[in-house]
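Residue-level listing of the chains:
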Amino acid sequence: MSKQTPAQRGFSMPAEWEPHEATWLSWPQNATDWPGKMSTIGWVYGEIVRKIAVGEKVRILVGSAAVEARARRVLETARADIRQVEFLHCPTDRGWMRDCGPIFVRRQRRGRVETAIVDFHFNGWARYDNWRADAGVPAFAAGLTGQRLFEAQSGGRQFILEGGGIDVNGRGTLLTTEECYLDPQVQVRNPGLAREDFQVAVRRYLGIENVLWLGRGIAGDDTHGHVDDVCRFVNPTTVVLVQSKDPNDVDYAPLAENFERLAGMRLEDGAPIEIVPLPAPEPLFWRDQRLPASYANFYIANAAVLVPTFNDPADRQALGILAELFPDRTVVGIHAVDLVLGLGTLHCLTQQQPGQNQPLRERKKSRSTGRVPPGPCRV
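One structure accompanies this document, and this report is about it. (Residues numbered from 1 in each chain as written. Predicted model: local features only at pLDDT ≥ 70, side-chain atom pairs only at ≥ 80, totals over all residues. Heavy atoms only, no water.)

## Let's talk about unusual backbone geometry
Okay, step 1: One non-glycine residue with positive phi stands out, namely Ala126, at about 50°.
Okay, step 2: As for its placement among the helices and strands, Ala126 is situated in the loop between β5 (112–119) and α4 (132–135).
Okay, step 3: By relative accessible area, Ala126 is classed as partly exposed at 30%.
Okay, step 4: For Leu343, which is not glycine, the phi torsion reads 70° and is therefore positive. (Helix = DSSP H or I, 4+ residues; strand = E, 2+ residues; numbered from the N terminus. Buried < 20%, exposed > 50% of the residue type's maximum accessible area, 1.4 Å probe, protein only.)

Below is the structure:
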């Protein structure tokens, strides 16, 4: 662990659209996330991997040899390029890589691009009890890739943050919500942490100069306000922002307030933000539970932008908007009606690894052995 912060060493978090070395996933293993749908979810993963593998490596965490074998069968049947897939044996609890996986930072030094990993001490969104295996993923990734690991701290304590709770433009500006990180009573990640403390921490560990605070997230989100269901950067100066057309919907007022806030905000250089409205699908429910269905939960891969779709008339509109904003990539819809039963979709499942000059370390164990180390994952 380095005692200096990433910013002190010249690291910062790049934007998601910048070149990736790989995308990290965790093969679905917790049946409680998708009740009665686990076999279906495996096929959704097959389509996700098939689209991402066109342009980059896909590193998939698996908890056992049996899980790897099952994943291989699905990917081969889905005709994903298995040559682009690496199976990494590491036990996980739930495996939402956006939040528990490695968050990478990057610097350019002596003509070379280097990356490192920040451990933000995942704790199950301050909501669930099964998170300790997930919390070991950043250290596992650092050992595997041979990269420096920074342990995020604030006020002498662990600083807790999830990747889905932030979005960056790669130039020094970060989006987040007050609901997620400033609520003093519900799902409190960092008790006693003030707004300025949060801003200092992301400056130190992600190289952020400018924090844009939205208000609330969308209904049904069990993370309590993750911004990746609400607002996302699509280039350094432009965001898409979800808006509801139904004044009677519970999300209408908070989403309209977020629009008003952003209209008065500025980027790191003082420039205004271009805001592109993104539609909201009709509300989806599982029994009596509202599900967090959102087109903002898209994932930007090297070769494609993967967008969750919901068998909704607004699917076509959302895909069209994003296709205009990403002319250099294929924008594809991934059916997510079953996926969102787990209370997350594409962005929640993925974590990008920025490109760098250093290759992976040689594995200490063959990936084909099927052996899984006990307890926290390790190389």
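## Some remarks on helix α7 (residues 195–206)
Okay, step 1: Here α7 contains twelve residues, and its C-alpha end-to-end distance of 16 Å stays within 8% of the 16 Å for a straight helix at 1.5 Å per residue.
Okay, step 2: At the C-terminal side of α7, Gly207 shows a positive phi close to 70°. (Expected span 1.5 Å × (residues − 1).)

## Quick notes on the layout of surface pockets
Okay, step 1: Its boundaries defined by the atoms lining it, the largest pocket holds a volume of some 440 Å³.
Okay, step 2: As for the largest pocket, its lining consists of 26 residues, of which Ser244, Lys245, Ala280, Pro281 and Glu282 are closest to the centre.
Okay, step 3: Within the residue set of the lining of the largest pocket, elements represented by two or more residues are β13 (238–243), β14 (274–279), β16 (289–291) and α9 (314–325).
Okay, step 4: Looking at the lining of the largest pocket, the element that brings in the most residues is β14, giving three residues.
Okay, step 5: Residue composition of the lining of the largest pocket, by class: 15 nonpolar, four polar and seven charged. (1 Å grid on protein atoms, 1.4 Å probe; cavity = no way out; pocket = protein on both sides within 12 Å on 5 of 7 lines; lining within 4 Å. Points joined across faces, edges and corners; volume = space filled by probe spheres on them. Nonpolar A, V, L, I, M, F, W, Y, C, P; charged D, E, K, R; others polar.)

## Things to note about the packing of aromatic side chains
Okay, step 1: One pass over the full model with this rule turns up eleven aromatic pairs.
Okay, step 2: On the numbers, 6.2 Å between centres and 70° between planes, the contact of Phe298 with Phe326 is edge-to-face. One end of the pair, Phe298, is in the loop between β16 and β17 (299–300); the other, Phe326, is in the loop between α9 and β19 (330–335), with 28 residues separating them in the sequence.
Okay, step 3: Taking relative accessible area as the criterion, Phe298 reaches 0% and is therefore assigned buried.
Okay, step 4: With a relative accessible area of 2%, Phe326 lands in the buried category. (Phe/Tyr/Trp six-rings, centres within 6.5 Å; stacked < 30°, edge-to-face > 60°.)

## Here we look at the nonpolar core
Okay, step 1: Ile60 and Leu262 are the most contacted members of the largest nonpolar core, which has 90 residues in total.
Okay, step 2: Here the element with the most residues in this core is helix α1 (residues 38–52); it accounts for six residues.
Okay, step 3: In this structure Ile60 touches Leu25, Ser26, Trp27, Val49, Leu75, Val85, Glu86, Phe87 and Leu88, once residues within four positions along its chain are discounted.
Okay, step 4: Ala116, Leu161, Ile166 and Val211 belong to the second-largest nonpolar core, a separate cluster that totals 25 residues. (Core = buried A, V, L, I, M, F, W, Y, C linked by side-chain atoms within 4.5 Å. Contact = heavy atoms within 4.5 Å.)

## Quick word on the packing of α1 against helix α2 (residues 65–77)
Okay, step 1: Their axes nearest at 9 Å, the elements α1 and α2 cross at an angle of 60°. Here α1 is positioned oblique relative to α2, judged by the angle of their axes. Between α1 and α2 lies a crossing of right-handed hand. Each of Gly42, Trp43, Tyr45, Gly46 and Val49 in α1 lies in contact with α2, whose residues at this interface are Val74, Leu75 and Thr77.
Okay, step 2: Residues of the contact of α1 with α2, tallied by class, amount to five nonpolar, three polar and no charged. (Axes fitted to C-alpha atoms, helices over the stretch in contact; angles between N-to-C directions. Parallel < 35°, antiparallel > 145°, perpendicular 65-115°, else oblique. Left-handed = near helix turned anticlockwise from the far one by under 90°.)

## Section: the environment of Asp167
Okay, step 1: Position of Asp167 relative to the elements: it lies in strand β9 (residues 167–168).
Okay, step 2: Taking C-alpha positions, Asp167 is 7.2 Å from Val227, a pair spaced 60 residues apart along the chain.
Okay, step 3: When residues no more than four places from it in sequence are discounted, the contact partners of Asp167 are Thr173, Leu174, Leu175, Val227, Cys231, Arg232 and Phe233.
Okay, step 4: A polar side-chain atom of Asp167 sits 3.1 Å from a polar atom in the side chain of Arg232. (Polar contact = N/O pair within 3.5 Å; in protein donor to acceptor, adjacent residues only side chain to side chain.)

## Quick look at the sheet that holds β13
Okay, step 1: With respect to topology, three strands assemble into an open sheet ordered β12-β13-β14, the strand pairing being mixed. In this open sheet, the two strands that pair with only one neighbour each are β12 (231–235) and β14. On average, each strand axis in the sheet is inclined to that of its neighbour by 35°, with strand direction left out of account.
Okay, step 2: Examined bridge by bridge, β13 and β14 share six bridges and lie parallel to one another. Within β14, the position partnered with Leu241 by the bridge is Pro277.
Okay, step 3: Most of the contacts of helix α8 (residues 252–263) go to β13, to which it runs at about 155°, and overall it touches β12, β13 and β14.
Okay, step 4: Most of the contacts of α9 go to β14, to which it runs at about 155°, and overall it touches β12, β13 and β14. (Pairing = 2+ DSSP bridges.)

## Structural notes on the pattern of salt bridges
Okay, step 1: Taken as a whole and judged by the stated rule, the model has 21 salt bridges.
Okay, step 2: Across the salt bridge formed by Arg171 and Glu18, the nearest N and O atoms sit 3.8 Å from each other. Placement of Arg171 in the loop between β9 and β10 (173–177) and of Glu18 in the segment before β1 (20–26) is noted, with a sequence separation of 153 residues between them.
Okay, step 3: The class of Glu18 is buried, set by a relative accessible area of 14%.
Okay, step 4: When the shortest N-O distance is used, the salt bridge between Glu114 and Arg107 registers 3.0 Å.
Okay, step 5: Arg107 gets classed as buried once you look at its relative accessible area, which sits at 8%.
Okay, step 6: In the salt-bridge network here, residues are joined through shared partners; they are Glu16, Arg98, Asp167 and Arg232. (Salt bridge = Lys/Arg side-chain N within 4 Å of Asp/Glu carboxyl O.)

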